[in-house]
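# Breakdown of the fold
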Protein chains: 2
Amino acid sequence: MKQDEEMHDEKRQAREWFVNVQESVCQRFEQLETDSVAGGADTPASFALRETSTRAADGSDRGGGVMAVMRDGNLFEKVGVNASTVYGVLDEDSLHRLAAGKSIDGIRNDPRFWASGVSLVAHMRNPRVPSVHFNTRMFWTPSRWWFGGGTDLNPCIEYDDDTRDFHAALRTCCDRTDGAYYQRFREWADRYFFVTHRQRARGVGGIFFDDLNTGDWRTDFQFVQDVGRAFLKAYLPLVLRRMDEEWMDADREKQLIHRGLYAEFNLVYDRGTKFGLESGHDPDAVLMSLPPLARWP
Amino acid sequence: MKQDEEMHDEKRQAREWFVNVQESVCQRFEQLETDSVAGGADTPASFALRETSTRAADGSDRGGGVMAVMRDGNLFEKVGVNASTVYGVLDEDSLHRLAAGKSIDGIRNDPRFWASGVSLVAHMRNPRVPSVHFNTRMFWTPSRWWFGGGTDLNPCIEYDDDTRDFHAALRTCCDRTDGAYYQRFREWADRYFFVTHRQRARGVGGIFFDDLNTGDWRTDFQFVQDVGRAFLKAYLPLVLRRMDEEWMDADREKQLIHRGLYAEFNLVYDRGTKFGLESGHDPDAVLMSLPPLARWP
């Protein structure tokens, strides 16, 4: 069956999936937060939802979404989970940034775009529980569609077993679709999540992919759904393993400095952040990934 | 007298002046820090000096300087004063960024550059004492030289009298050289120190200038020296006015969030930061401006 050029049905399915991921992640995280205070005197934190909107320079509507943020928790110091769907017309700068190597003649002829995705960053209270980032998205232009996303682990104290287990879960997920994916996407993450000016990785990696279009939308969408499910399978065991460990002031200091590095990466290099800030999306939603507290000594 | 094309003597004078400014600012700030603990039990903080170096991608020497940082003081929570002199060959990206509107044909034919400057950022402990930024520099290429710099005030709580007095001191300084400078450089600061993605200024402004070349190096250098002297005259009275004021937790919260905005500006927009990170200068020196602690709620 020939694909509808506007891909209305595919866009709807993708958008619904991303909202679905947002809801199930928020539910699991809230449950964990509640479990973490069970038996104690503290009240667990919960997610606050806020609608976000995107405006073009001329004030016209470009879509929006829902930002879910849980703050000041016992387990989660700050976690934001955004789902949004935006559309409009690409300007030259965004076009070049997004194209990054691909031919952009087709996009330039009809620069409309549509993008939907879910992204999350979790900054944990206990410095021994790793921070994590996850994100998947579908991008559409009249001449080309693609998926992108990934997840990477950002511990301020690196534990070999955490790194190994996180990567093993991602490998299992990737292998289900294509035996070459894990190696390729893992290396891509190593290149992408690199803080060039400090010549170091921002964390212990994970997977990253962009421009994913095998020609078969259904297969690629299936993979993106698998990555969404794999994220929780890869991350939750690490939280459960570390959340009750005692930590010292020196650990907290390491954590705050590591969060500074994280902020540097997101503000200086991250493509999604740049695209979000340039496309007029709500800056609080785009920058929800920034740490609750960070230190540059 | 025809100017030596390499401008050896002018470069030496400029470099010596910038080092001079660094030394006198450090001395005054240390004195203030000492005064602030007089009669109390605390030991005053003092400046630690560190040599910084710059390396090209191939590892070759591109100069360096001295980074002076005072940390964890009673008055100064973190203040960094960098003086550095760097040189080398501009790559295409840096060339375009620096040229910003000017013709770059001359620079492209012989892309050697030399740059020397002093820059400082002070993050104060008391949220009622404004943060401040100051910087002056000389840039040289075989086909063109210019000066740049400025100073701007970044209070997290804005007091009209502080803003007024700071600007009045800068106006007096500018008027001495050219009656049109203050208005022009004040507006330039308003445009430059603007956080586009939040559609707000990062502070209450000051002056900013770049590409300053009237054709008379001596006049322009004199102005740059005046700006260096004016900085202390404009800023120190505000510190003295506010340093003994009591502050509340709510003030500290405002301060930490305002510092987040400051970090956003420096990492996303600041030209000097971008140039420093791209030119292989010591990242700790380039990012010394980042706040000791910042919050994104």
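Scroll up to find the structure this text is about.
What this report covers is the structure whose coordinates are included nearby.

The rules we used
- Residues numbered from 1 in each chain as written.
- Chains lettered and ligands numbered in written order.
- Predicted model: local features only at pLDDT ≥ 70, side-chain atom pairs only at ≥ 80, totals over all residues.
- Heavy atoms only, no water.
- Helix = DSSP H or I, 4+ residues; strand = E, 2+ residues; numbered from the N terminus.
- Rg over C-alpha atoms; globule rule 2.2 N^0.38 Å.
- Buried < 20%, exposed > 50% of the residue type's maximum accessible area, 1.4 Å probe, protein only.
- Contact = heavy atoms within 4.5 Å.
- Areas by Shrake-Rupley, 256 points an atom, 1.4 Å probe, with all protein chains shown as cover.
- Lys, Arg positive; Asp, Glu negative; His and termini not counted.
- Charge placed at Lys NZ, Arg CZ, Asp CG, Glu CD.
- Least-squares fit on C-alpha atoms with pLDDT ≥ 70 in both.
- 1 Å grid on protein atoms, 1.4 Å probe; cavity = no way out; pocket = protein on both sides within 12 Å on 5 of 7 lines; lining within 4 Å.
- Points joined across faces, edges and corners; volume = space filled by probe spheres on them.
- Nonpolar A, V, L, I, M, F, W, Y, C, P; charged D, E, K, R; others polar.
- Salt bridge = Lys/Arg side-chain N within 4 Å of Asp/Glu carboxyl O.
- Pairing = 2+ DSSP bridges.
- Phe/Tyr/Trp six-rings, centres within 6.5 Å; stacked < 30°, edge-to-face > 60°.
- Lys NZ or Arg CZ within 6 Å of the ring centre and 35° of its normal.
- Expected span 1.5 Å × (residues − 1).
- Arc of directions from axis to C-beta.
- Axes fitted to C-alpha atoms, helices over the stretch in contact; angles between N-to-C directions.

## A word on the overall build of chain A
From N to C terminus, chain A includes 9 helices and 9 strands. Here chain A has a C-alpha radius of gyration of 19 Å; the compact-globule value for 297 residues is 19 Å, and the two agree. For chain A, the spread of C-alpha atoms along the principal axes amounts to about 60 × 45 × 40 Å. For chain A, the proportion of its 297 residues judged to be buried stands at 58%. At a minimum sequence separation of 6, the contacts of chain A that also span at least 24 residues come to 69%. A total of about 12,700 Å² of accessible surface is found on chain A, and carbon and sulfur atoms cover 48% of it. Taking the average place of the 38 positive charges on the side chains of chain A and the average place of its 47 negative ones, the gap between the two points comes to 2 Å.

## A closer look at the relation of the copies chain A and chain B
With an axial shift of 0.0 Å and an RMSD of 0.0 Å, the rotation relating chain A to chain B amounts to 180 degrees. The transformation just described matches what one would write down for a two-fold rotation axis. Of the residues that chain A buries at the interface, 100% are likewise interface residues in chain B, meaning the two copies contact each other through the same surface.

## Comments concerning the layout of surface pockets
Sizing a probe to match a water molecule and rolling it over the atoms shows the empty space that remains. As a volume, the largest pocket reaches approximately 900 Å³. Lining the largest pocket are 34 residues, and of these Thr 196, His 197 and Tyr 269 of chain A together with Leu 277 and Glu 278 of chain B sit closest to its centre. Sorting the residues of the lining of the largest pocket by element identifies helix H5 (181-192), helix H7 (249-268) and helix H8 (271-278) of chain A together with helix H2 (92-99), helix H7 (249-268) and helix H8 (271-278) of chain B as the ones contributing at least two each. Considering each element in turn, the lining of the largest pocket owes the most residues, 5 residues, to H8 of chain B. Its residues assigned to classes, the lining of the largest pocket shows 13 nonpolar, 9 polar and 12 charged. Of the volumes computed, that of the second largest pocket is approximately 510 Å³. Taken together, 18 residues make up the lining of the second largest pocket; nearest its centre are Leu 277 and Glu 278 of chain A together with Thr 196, His 197 and Tyr 269 of chain B. Of all elements in the fold, only helix H2 (92-99) and H8 of chain A reach the threshold of two or more residues within the lining of the second largest pocket. Sorting elements by how many residues they give to the lining of the second largest pocket places H8 of chain A first, with 4 residues.

## Quick notes on the pattern of salt bridges
As enumerated under the stated definition, the model contains 50 salt bridges over all chains in all. Close ionic contact of Asp 226 of chain A with Arg 229 of chain A constitutes a salt bridge, the shortest N to O distance being 2.9 Å. You can see Asp 226 of chain A and its partner Arg 229 of chain A sitting in helix H6 (residues 217-242), 3 residues apart, about one turn around the helix. Relative accessible area serves as the criterion here: at 38%, Arg 229 of chain A is assigned to the partly exposed category. We note a salt bridge from Arg 271 of chain B to Asp 210 of chain B, for which the minimum N-O separation is 2.9 Å. Pair noted here: Arg 271 of chain B is in helix H8 and Asp 210 of chain B is in strand S9 (residues 206-212), with a separation of 61 residues, a long-range link.

## Quick word on the environment of Gly 205 of chain A
Residue and element names in this part refer to chain A. Looking at the element boundaries, Gly 205 is found in the loop between strand S8 (200-201) and strand S9 (206-212). Counting along the chain gives 15 residues from Gly 205 to Asp 190, while the straight-line C-alpha distance between them is 5.8 Å. The residues touching Gly 205, leaving out its near neighbours within four places in the chain, are Thr 151, Asp 152, Leu 153, Phe 166, His 167 and Asp 190.

## Focus: the pairing of strand S6 (residues 144-154) of chain B
Residues and elements named next belong to chain B. Burial analysis of S6 places 10 of its 11 residues in the buried class, which makes it a mostly covered element. Where strand S5 (residues 131-141) meets S6, 11 bridges bridge the pair, whose relative direction is antiparallel. Paired with His 133 across the strands is Asp 152, a residue of S6. If you look at the hairpin formed by S5 and S6, you'll find 2 residues sitting between the two strands. For S6 and S9, the ladder comprises 5 bridges, and the chain directions are antiparallel. Bridged to Phe 147 within S9 is Leu 212.

## Notes on the pairing of strand S1 (residues 47-55) of chain B
Residues and elements named next belong to chain B. One ladder, built from 8 bridges, connects S1 with strand S2 (residues 61-71); its direction is antiparallel. Bridge pairing in S2 places Ser 53 opposite Gly 64. Counting the residues in the hairpin turn of S1 and S2 gives 5 residues, including Gly 59, whose phi is positive at 90 degrees.

## Looking at the packing of aromatic side chains
Two measures describe an aromatic ring pair: the distance that separates the ring centres and the angle between the ring planes. Evaluation of the coordinates by the stated rule reveals 52 aromatic pairs over all chains. Counting every residue linked through ring pairs, the aromatic cluster contains Tyr 181, Phe 185, Trp 188, Tyr 192, Phe 193, Phe 208, Phe 209, Phe 223, Phe 265 and Tyr 269 of chain A. If you follow Arg 242 of chain A out to its NZ or CZ, it ends over the ring of Tyr 159 of chain A, 3.7 Å from the centre. Of note, Lys 11 of chain B hangs over the ring of Trp 140 of chain B, and the distance from its end group to the ring centre comes to 3.5 Å.

## Quick notes on helix H5 (residues 181-192) of chain B
In an α-helix, one turn spans 3.6 residues, which is why side chains three or four residues apart end up on the same side. All names here are of chain B. The end-to-end C-alpha distance of H5, which contains 12 residues, comes to 16 Å, matching closely the 16 Å that a straight helix rising 1.5 Å per residue would cover. Along H5, the residues classified as buried are Tyr 181, Tyr 182, Phe 185, Trp 188, Ala 189 and Tyr 192. Down the axis, H5 shows its buried residues gathered within 135 degrees of arc, on one side only. Residues of H5 that are buried sit in contact with helix H4 (160-177), strand S7 (194-195), S9, helix H6 (217-242), H7 and H8.

## Some remarks on the sheet that holds strand S5 (residues 131-141) of chain A
All names here are of chain A. Read from one edge to the other, the open sheet built from 7 strands follows the order S1-S2-S3-S4-S5-S6-S9, with strand pairing classed as antiparallel. Across the chains shown, the open sheet's two edge strands, defined by having one partner strand only, are strand S1 (47-55) and S9. This sheet shows a mean twist of 10 degrees between the axes of neighbouring strands, independent of strand direction. Sheet strands in contact with helix H1 (residues 8-37) are S1, strand S2 (61-71), strand S3 (76-89), strand S4 (112-124) and S5, and its direction is about 170 degrees off that of S3. Strands in contact with H6 are S4, S5, strand S6 (144-154) and S9; relative to S6, the strand with the most contacts, it is inclined by about 10 degrees.

## A short note on the sheet that holds S5 of chain B
Residues and elements named next belong to chain B. Read from one edge to the other, the open sheet built from 7 strands follows the order S1-S2-S3-S4-S5-S6-S9, with strand pairing classed as antiparallel. Looking at the sheet topology across the chains shown, the edges are occupied by S1 and S9. With direction set aside, neighbouring strand axes in the sheet form an average angle of 10 degrees.

## Observations regarding unusual backbone geometry
Positive phi is not limited to glycine here, since Asp 211 of chain A has a value of about 55 degrees. In this structure, Asp 211 of chain A sits in strand S9. The backbone phi angle of Gln 199 of chain B is positive, close to 50 degrees, even though this residue is not glycine. By the element assignment, Gln 199 of chain B lies in the loop between S7 and strand S8 (200-201). Gln 199 of chain B sits in the exposed class, given a relative accessible area of 57%.

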